[in-house]
Amino acid sequence: MANRDNDQWGADPSYQALGGSGLSPGYSRPYAAPVSVPPPYSGPTYGGDTKSPYEGGRFQPKKKVNDPIFLVLFILQLLGFAALSGIAINDWIKMGGLGGGVGGDGETGSSVTLNWHTIYLLLLVTAAGLLLSTCYLMLTRTFTRAIMHITLVLAIASNIAICAYYWITGYYSAAIIFTVIALFSVLAYFGFRSRIPLASLLLQVVMDVSKHHLGVYFVAFTALLLQAALSVWFTFTAIAIYANWTPGSPSCGTTSTCSSGKVAGLLVYAVFSYLWTSQVIGNVALATLAGGPYGCWYYFGPRGLGQMPKHPAFSAFARASTLSLGSIAFGSLIVTILELIRLLLNAARNNARQEGSPVEACLACCAEFFIACIEGLVQYFNRYAYIEIALYGKPYLQAAKDTFRLFQDRGIDALVNDSLVGTTLTFGAYLVGLLCSLFAYLYLRFTDPSYNSQGQYTAPVVLFAFLIGLQCSLTLSSAIEAGVSTIFVGLGEDPQVLEMRAPALFAMIAERYPRVVQGVPGV
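**A short note on the overall build of the protein**
Part 1 of the argument: When you go through the protein residue by residue, the secondary structure sums to 15 helices and zero strands.
Part 2 of the argument: Counting over 523 residues, the protein shows a buried share of 54%.
Part 3 of the argument: Carbon and sulfur atoms make up 68% of the accessible area of the protein, which totals about 22,300 Å².

**Quick notes on empty space enclosed by the protein**
Part 1 of the argument: Across all of its chains, the model carries three cavities of 30 Å³ or more by this definition.
Part 2 of the argument: The space that makes up the second largest cavity amounts to roughly 40 Å³.
Part 3 of the argument: Along the walls of the second largest cavity sit A287, R319, A320, S324, I328, I389, A390 and G393, which together make up its complete lining.
Part 4 of the argument: When the residues that make up the lining of the second largest cavity are grouped by side-chain class, the tally is five nonpolar, two polar and one charged.

**Structural notes on the layout of surface pockets**
Any empty space left between atoms is shown by rolling a water-sized probe over those atoms.
Part 1 of the argument: Of the voids in this model, the second largest pocket is the one considered here, and its volume is about 510 Å³.
Part 2 of the argument: In terms of lining, the second largest pocket is formed by 22 residues, of which the most central are T222, L226, I281, V284 and F317.
Part 3 of the argument: Among the secondary structure elements, those contributing two or more residues to the lining of the second largest pocket are α1 (68–94), α6 (214–245), α7 (260–300) and α8 (312–320).
Part 4 of the argument: In terms of residues, the lining of the second largest pocket owes the most to one element, α6, which gives nine residues.
Part 5 of the argument: Along the lines of polarity and charge, the residues of the lining of the second largest pocket split into 17 nonpolar, five polar and no charged.

Conventions adopted
Residues numbered from 1 in each chain as written. Predicted model: local features only at pLDDT ≥ 70, side-chain atom pairs only at ≥ 80, totals over all residues. Heavy atoms only, no water. Helix = DSSP H or I, 4+ residues; strand = E, 2+ residues; numbered from the N terminus. Buried < 20%, exposed > 50% of the residue type's maximum accessible area, 1.4 Å probe, protein only. Areas by Shrake-Rupley, 256 points an atom, 1.4 Å probe, with all protein chains shown as cover. 1 Å grid on protein atoms, 1.4 Å probe; cavity = no way out; pocket = protein on both sides within 12 Å on 5 of 7 lines; lining within 4 Å. Points joined across faces, edges and corners; volume = space filled by probe spheres on them. Nonpolar A, V, L, I, M, F, W, Y, C, P; charged D, E, K, R; others polar.

Below you can see the structure in the form of structure tokens.
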């Protein structure tokens, strides 16, 4: 086995910890093999740097609850969803359900609305999402560069396919937008392709670091299971809302009044609560990993050196789920509102198209595209803000300001490599979502439940299946993205540390993005 003092990254064993003798936090165990090591970095060195990992309050935030208003709002909406769910499911159970499904008595339920048949289906979809998400991450580690190339090409191909579909079907407003996206993605391909070696090396380093910190996978799978449980809870609630208050269902006129408006309003609230809670779960996991295993690896070195605090993941989770939960809920609420607006615009676009109103459909499509762009930018920005929150315990607005200043000082060019990693993992999440929705479609087709005799519930069931698979995969992938983004934040603030941890990675970054390896004072 390779000696730690002479690892393949060429880490400097003489790098000393703050406080004199003792083992250094600077060198590491061997991580991913370099894809192609560039010539040794000839710029300024930082080997003599002995700044404390706790500098600026890092890992030692003030004992203060940040953004308490948003913490209270988050708790209230969750309690409201629990109350709605309890009422809906309780009334549904009193009505005896509607029967049907795998392992049932052969009945396929009422022809009015959703039933147990759909419950069994979406439970199977949740299990499939868990399995497919895990398999995709294993494949990504084994075939990193190949999968990056494949996902990049598939992302471009999917844009072209969507563009062609809209032109063929005569949906010209969406066709024009996706034509622009397809052209941009084709032109950007050549620039992205040259960055794959660095991005793949970065991804391999992060995944190999995670192998030495089992807490990474514990946090990821815990978040994944919570996400799956939330999806199941949401599924039961959504179907109970349909069953209780859809006009013509058996419960109408006995336990409650029914109307399409009531169903729509309750479903909008349920979706809002689901999206916000889902965002918070994923972002708490991100903050736990950034302020725990990844952040501690970057600033203290591998656990074997004895410098890393005990139980870093638990300490980071305690901070993220208490003092910083309001800040995380604040940032998550912004994304949730944008996502909900986008879903409503999507519904409006579909309705306008079905009613033969091309102008309204075009306007809704343009608005949806605009909101989706803003949502993507906010999500990307928020990830770095959450890392600032995890490391320093800052309120959300302060973390956002410091993140913006970091972007200004560092430039965003090097972050394209982070985007490539995100593209690889996100495309995998979409693939998992599509496979889950395909499974749901085939299940409905071959079991042919009576409530879907005319295909009226195929679209919402397939959509629910896609969302469940997508959210499960994104939650698991966020564990890896957390490490990549944490390295970039650490690199922006203290580049000399990465020079000690992984010299080959640092040299490649310094060669291509020299601006990035200059320290940012005061962040």
